[in-house]
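Reading the structure
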Amino acid sequence: MKPVIKISKCRICRSKKLLEVVNLGEQPIPNGFLNKEELKRKEKKYPLAVCVCTNCWLMQLEYLVNPSVMFKNYLYIPSASKTRVEYFKKMAEEVIKVGKIKKNSLIVDIGSNDGSLLVCFKNLGMKTLGIDPAENLVEVAKLNGVSTELGYFDSKFSAKVSRKHGKAKAITATNVIAHIQNLHEVIMGGDVLLEDDGIFVMHFPYGLDLLRDNLFDTIYHEHLSYFSVKSLLELVKNSNLEIFDIHKSDLDGGSLRVFWKKKSNKKLKVEEEVLRRLIKEEERFGLYDIKAYKDFKGRVERLKKDAIEQLKKIKKSNRTIVGYGAAAKANVLLNYFELDSKIIDYLVDSTPYKQGLYTPGSHIPIYAEDKIYETNPDYILVFAWNFSKEIMEKNKRYQKNGGKFIFAEPKFTII
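Residues numbered from 1 in each chain as written. Predicted model: local features only at pLDDT ≥ 70, side-chain atom pairs only at ≥ 80, totals over all residues. Heavy atoms only, no water.

Here the focus is the nonpolar core. Counting 137 residues, the largest nonpolar core has Ile-177, Phe-200, Ile-219 and Trp-260 as its most contacted members. In terms of residue count, helix H10 (residues 290–316) provides more of this core than any other element does, 9 residues in total. (Core = buried A, V, L, I, M, F, W, Y, C linked by side-chain atoms within 4.5 Å. Buried < 20%, exposed > 50% of the residue type's maximum accessible area, 1.4 Å probe, protein only. Helix = DSSP H or I, 4+ residues; strand = E, 2+ residues; numbered from the N terminus.)

The alternating pattern of strand S14 (residues 321–324) places Ile-321 and Gly-323 and Val-322 and Tyr-324 on opposite faces, both of which are buried. Alignment of S14 against strand S15 (residues 347–348), held across 2 bridges, turns out to be parallel. Among the inter-strand pairings, Gly-323 is bridged to a residue of S15, identified as Leu-347. Taken together, S14, helix H11 (residues 328–336) and S15 constitute a β-α-β crossover, and its handedness is right-handed. (Pairing = 2+ DSSP bridges. Right-handed = clockwise from strand over helix to strand, strands pointing away.)

A few words on the pattern of salt bridges. Note that side chains of opposite charge can pair when their charged atoms are close. Inspection of the entire model under this criterion finds 21 salt bridges. A salt bridge links Asp-345 to Lys-315; its shortest N-O distance comes to 3.0 Å. Linking Asp-345 in the loop between H11 and S15 with Lys-315 in helix H10, this pair joins segments that are 30 residues apart in sequence. We classify Asp-345 as partly exposed; its relative accessible area is 30%. Here Lys-394 and Glu-369 are joined by a salt bridge, their closest N and O atoms 2.9 Å apart. Residue Lys-394 is found in helix H13 (residues 388–394), and its partner Glu-369 is found in the loop between strand S16 (366–367) and helix H12 (371–375); the two are separated by 25 residues along the sequence. Within this structure, Asp-209, Arg-212, Lys-248 and Glu-281 form a network of salt bridges that share partners. (Salt bridge = Lys/Arg side-chain N within 4 Å of Asp/Glu carboxyl O.)

Okay, the pairing of strand S6 (residues 106–110) next. Counting buried positions over the 5 residues of S6 gives 5, a clear majority of the element. By the alternation rule, side chains of S6 split into Leu-106, Val-108 and Ile-110 and Ile-107 and Asp-109, which are all buried. Here 5 bridges tie S6 to strand S7 (residues 127–132), and the two strands are oriented parallel to one another. Bridge pairing in S7 places Ile-110 opposite Ile-131. A crossover connection joins S6 to the parallel S7 through helix H3 (residues 116–123); in handedness this β-α-β unit is right-handed.

Within the structure shown, the criterion is met by 10 aromatic pairs. Ring centres of Trp-57 and Tyr-293 lie 5.8 Å apart, and the angle between their planes is 20°; this geometry places the pair in the stacked category. Residue Trp-57 is found in the loop between strand S3 (46–53) and strand S4 (59–61), and its partner Tyr-293 is found in helix H10; the two are separated by 236 residues along the sequence. Each member of the pair, Trp-57 together with Tyr-293, is buried. Their ring planes at 55° and their centres at 6.4 Å tell us that Tyr-87 and Phe-88 sit as a pair that is tilted. Accessibility assignment for this pair places Tyr-87 and Phe-88 in one class, buried. The structure contains a cluster of three or more aromatic residues connected by ring pairs, namely Trp-57, Tyr-288 and Tyr-293. Geometry around Tyr-288 places Lys-230 over its ring, the cationic atom sitting 4.4 Å from the centre. If you follow Lys-371 out to its NZ or CZ, it ends over the ring of Tyr-367, 4.4 Å from the centre. (Phe/Tyr/Trp six-rings, centres within 6.5 Å; stacked < 30°, edge-to-face > 60°. Lys NZ or Arg CZ within 6 Å of the ring centre and 35° of its normal.)

This is the structure:
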């Protein structure tokens, strides 16, 4: 595959009726953090724009970056967030309950990262197996006691795993399905690896919430797809799997947890009313209307203008601003808003792998969280807004001492 290619048709329905929604410009890979030596080199940047298929209403990236550029060495780990770990514990319990899964059954997690979710299943008496393409994270997962296969999940890889480890009672995929180009291969892979009465559970951010709440910074090179329920039903139309339930979650600004089963499995009832209700909600918002996407573009452009003006005003008054959370979404915002260390002094992050590095494109240094109490900045711009409650709870002392938090979405707000 070339370093970057422009798509010509929808990855779900193959339609060529694609409409550009918003263009965030040329950007570096959002998790491509740099060390001091790398700052001297010219960074590679790739176009970042999202379009919508006006046939099945899947929102998707216009340009695809070669996966090996993004995932071979990956610096995001979920275990650094208390919120994420708590979510994983509840998810593991729910999957076992819905699937009526007995102890010692095999649970497979696609995009298993450092094994955080599988540790929760393991603690509940399950056999576990991770699948992940990041070489560094496979090693971390093994250190956490989670057996992990290195590779990209598709029907061929799924068959290999099935022969080696047996069929899975449950397959999980949290925040990874949106990263995969060939979605039909994922569905076929699930069919191959799943036991006849097993369940496949996917969790990912919801396209409706993205548009409604101006969450433009969740658009980045790794996130290829931004799903509507209508597009998911189109994906499953000609497969051996079907959706039997969907649960909504507030995590990551609004997410869906989608439950799939084999069509031959009649023990699990399809919640038709749930699907109808979600489709109606999408219709009411106008998700199947071009106007909703044009409105989103206008709001994002106005937000950029407003945020830049206010941040520059703060700096002119000799106040200090730092960022909280060196997440991919932070780097999208920094690069789209064209912010650097002249505006944001530094970022803090709880992930040890990122500390001591610099943000891609904007070249802002990243420190451990205690740096805040060493320098006492006037403002903290919260990039990791999906963990805002956790961050503010952790930093009550900062706010008590007169510090203020800034949130850029859905509108620029100072607390």
